[in-house]
Amino acid sequence: YPLTTIILSGIFLHEQLGLFQKIATLFIILGSVLIAMPKNIKSFKFADWVYWAIFGAILIGSGDFLAKVGINKSNAFTWLFFLALAGIPCVFVNFLIDKKGRTIPEFSWQKFMPTMIGVGMVSLGIIPFNLAFQNGLASLVAPVSSSYVVLTAVLAFIFLKEKINKVQLVGIVSTSLGILLLGIV
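Position numbers for residues count from 1 along each chain, tracking the sequence in the order it is written. Where local features are concerned, this predicted model is filtered to residues with pLDDT of at least 70; where side-chain atom pairs are given and counted, the filter is 80 or more; whole-chain, interface and lining totals use all residues. Remark: hydrogens and water are excluded; side-chain values derive from all non-hydrogen atoms of the structure.

> Give me the side chain of Thr 5: which residues, what numbers.
Every helix listed is a DSSP run of H or I at least four residues long, and every strand listed is a run of E at least two residues long, numbered separately from the N terminus. Secondary-structure assignment places Thr 5 in helix α1 (residues 2–12). Engagement of the side chain of Thr 5 in a polar contact is seen with the backbone oxygen of Gly 61, the distance being 2.9 Å. N or O atoms within 3.5 Å of each other form a polar contact, as long as, within protein, one can give a hydrogen and the other can take it, and as long as residues adjacent in sequence are counted only when both atoms are side-chain atoms.

If you want it as structure tokens, here you go:
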């Protein structure tokens, strides 16, 4: 998704990155892609989830660009208010594309607590993300924020006992190096 944001921000917001920033951004995006690479690329087949992921990345990247436009015209907190309002129609869209015949599962705190905490953390994470948009270039904020995959991979390794292969490790190092380079600039 950061690539969409970078392209739209360059075209419409006239954001220009310096050479060093472009290199650092490339490290971050390359690292994020490497972290997401399947273990066996030769046996990889395009499944429905890949198309949904690409569509989601385009929507999120475009949404980030539009968030920056909106924040530039008002402020981050006004944009967050409208984000909450926009969530209501999204619930109805979800019902339209959800599986037919789904029943509401029996509620249990143990089952739903990780989801509720996760949704709360994502929602809270939108606040500093939009404050970053308010104070920085969208073409830099988007790649840095996309580096969350590093934390996800590390947490999955620690808590879910998922393996990190060599390619993913290179991705983690590349993304971290890109963020470090941006911090130096």
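Next comes the rest of the description.
> Hey, could you go over the packing of helix α2 (residues 19–36) against helix α8 (residues 166–184) for me, with residue numbers and the actual values?
In this analysis an axis means a line fitted to C-alpha atoms, helices contributing only their contacting stretch, and an angle means the value between N-to-C directions, from 0 to 180 degrees. α8 packs onto α2 with a crossing angle of 155 degrees between their chain directions and a minimal axis gap of 7 Å. Taken together, α2 and α8 sit at an angle that is classed as roughly antiparallel. The way α2 lies across α8 gives a crossing that is left-handed. Within the contact between the two elements, α2 uses Phe 20, Gln 21, Ala 24, Phe 27, Ile 28, Leu 30, Gly 31, Ser 32, Leu 34 and Ile 35 and α8 uses Val 167, Gln 168, Val 170, Gly 171, Ile 172, Ser 174, Thr 175, Leu 177, Gly 178, Ile 179, Leu 181 and Leu 182. Note that Gly is not counted as nonpolar here; it falls among the polar residues with everything else outside the nonpolar set of Ala, Val, Leu, Ile, Met, Phe, Trp, Tyr, Cys and Pro and the charged set of Asp, Glu, Lys and Arg. In the contact of α2 with α8, the residues fall into 14 nonpolar, eight polar and no charged. Oblique is the label for any angle not under 35 degrees, not over 145, and not in the 65 to 115 range, which are roughly parallel, roughly antiparallel and roughly perpendicular in turn. By definition, turning the near helix anticlockwise from the far helix through less than a right angle yields a left-handed crossing, and turning it clockwise yields a right-handed one. We call two residues in contact whenever any of their non-hydrogen atoms come within 4.5 Å of each other.

> I'd love a proper account of helix α4 (residues 76–97), names of residues and values included.
Every α-helix winds through 3.6 residues per turn, so residues three or four apart in the chain are directed the same way. To estimate how far a helix should reach, multiply one less than its number of residues by 1.5 Å. A rise of 1.5 Å per residue sets the reference length of α4, with its 22 residues, at 32 Å; its end C-alpha atoms lie 30 Å apart and thus fit the reference within 8%. Throughout, the bend at a residue refers to the angle made by two axes, fitted to the seven residues ending there and to the seven starting there. If you look at α4, its biggest bend is around 25 degrees, right at Ile 88, and the proline Pro 89 turns up within four residues after that. N-cap assignment for α4: the residue whose side-chain oxygen lies 3.0 Å from the backbone N of Phe 77 is Asn 75.

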